[in-house]
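Residue strings, one per chain:
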Amino acid sequence: MDIRKYDKGLFIENAVDFEPEHIFECGQCFRWNRFENGYIGIAAGRVAYVYKKDDNVYIEGGKEEDIEFWRKYFDLDRDYGKIKERLKEDEVLNEAVEHGYGIRILKQEPFETLISFIISANNRIPMIKKAVDNISKRFGKKIIFKDMEFYSFPSLEELKEASVDELEKCGTGFRAVYIYEAVNRILKENISLDEIMTLDTDAAQERLLEFKGVGPKVADCVLLFSMQKYDAFPVDVWVKRIMQKFYLAPDVSLKRIREFGRQRFGDLAGFAQQYLFYYARENRV
DNA sequence: TCCCAGGACTACT
DNA sequence: AGTAGTCCTGGG
């Protein structure tokens, strides 16, 4: 799929397997919101209004020098048609893919993803969005687009200024101390998320679990949504419900569900998880 | 007013 | 190895 320039930004001509609603509502990101005919949001300090019209996806506000950024962010070089073909051999996935046929897994920034998913623990999506937004307003950089204010998610350097109290005031609750400790441990122990990204899925998960406030589910989300570990299988309540309903007994532990998912879907476990999550959530399974 | 949703921690076994 | 109780916040 090719990205080209037009007068208001960038567009993807004949975008296949790409539905903004599926992409932005499948639980992987917190900074995109419904706007007019699509979604408006910010990724890595770049604001855009993304919508689909006919077969084209428009990235209004996208700059010519960011063509490669958006190509990578939206994972445009991957053939989701082929992935869906393979997953549809599974009866449940066949149904789930019908619902979320336009899902793509975004390539988000590891630091933002780590902090955002620490906030996601025992929390609901609107609350998570609010907290991430407050942190960005307080510690990120302001960007004006369409006469509206947007704020980039703060860098490690920007967030090191945050006290536990300030983080709490952003609406993070008991997770404030986890965020504070994560930021300061990364700085003090000179931890490189990019280096963790080079490890295999199990080794990288182990490293992420060393952060307080990061359990198996949060670690798997970071691995899948920012480190291209597509064999990760994050198990949240929705995935738990749908797995227990269609594949396993109702009392199977989260750990076993994770093991089952990874074994059954292999290198496509992460994609399967996204289709299942979206299906379960949309249908209130 | 209470109850519920939503993962990880701690302190146990 | 697995599990009960607790953490915070907004909405019904």
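Residues numbered from 1 in each chain as written. Chains lettered and ligands numbered in written order. Predicted model: local features only at pLDDT ≥ 70, side-chain atom pairs only at ≥ 80, totals over all residues. Heavy atoms only, no water.

Taken across its five residues, strand β6 (residues 56-60) has five buried, putting it largely inside the fold. A two-sided burial pattern is seen for β6, the buried positions comprising Asn56, Tyr58 and Glu60 on one face and Val57 and Ile59 on the other. Bridge count for strand β2 (residues 9-12) against β6 is four bridges, and the pairing is antiparallel. Looking across to β6, one finds that Ile12 is bridged to Val57. (Buried < 20%, exposed > 50% of the residue type's maximum accessible area, 1.4 Å probe, protein only. Helix = DSSP H or I, 4+ residues; strand = E, 2+ residues; numbered from the N terminus. Pairing = 2+ DSSP bridges.)

A few words now on the side chain of Asp17. Mapped onto the elements, Asp17 comes out in the loop between β2 and α1 (20-24). Among the polar contacts made by the side chain of Asp17, one reaches the side chain of Lys84 at a distance of 2.7 Å. (Polar contact = N/O pair within 3.5 Å; in protein donor to acceptor, adjacent residues only side chain to side chain.)

The next point concerns the protein's contact with DNA strand C. Neighbouring DNA strand C are Asn122, Arg124, Met127, Gly173, Phe174, Lys255 and Arg256. Atoms of DNA strand C within 4 Å of the protein belong to the sugar or the phosphate in 76% of instances, the rest to bases. Contact between DNA strand C and Arg124: a base nitrogen at 3.0 Å from a side-chain N or O atom of the residue. Taking Arg256, its side chain carries an N or O atom lying 3.4 Å from a phosphate oxygen of DNA strand C. Taken together, the residues of the surface near DNA strand C break down into two nonpolar, two polar and three charged. (Near = heavy atom within 4 Å. Nonpolar A, V, L, I, M, F, W, Y, C, P; charged D, E, K, R; others polar.)

With that settled, the discussion passes to the domain arrangement of chain A. Here chain A is partitioned into domain 1 (3-77), domain 2 (80-102 + 231-285) and domain 3 (110-226). Inter-centroid distance (C-alpha atoms) of domain 2 to domain 3 is 26 Å. Taken together, the 13 residues of domain 2 in the interface contact ten residues of domain 3. At the boundary of domain 2 with domain 3, total buried surface from both sides reaches about 850 Å², with 62% on carbon and sulfur atoms. (Domains from an automatic or database assignment. Contact = heavy atoms within 4.5 Å. Buried area = accessible area lost by both parts, 1.4 Å probe.)

DNA strand B sits among 19 residues. The nearest are Asn122, Gly213, Gly215, Val218 and Arg241. The sugar-phosphate portion of DNA strand B accounts for 59% of its atoms within 4 Å of the protein, the bases making up the rest. Contact between DNA strand B and Gly215: a phosphate oxygen at 3.1 Å from a main-chain N or O atom of the residue. Taking Arg241, its side chain carries an N or O atom lying 2.5 Å from a phosphate oxygen of DNA strand B. Where the surface near DNA strand B is concerned, the elements lending two or more residues are α12 (216-226) and α13 (237-246).

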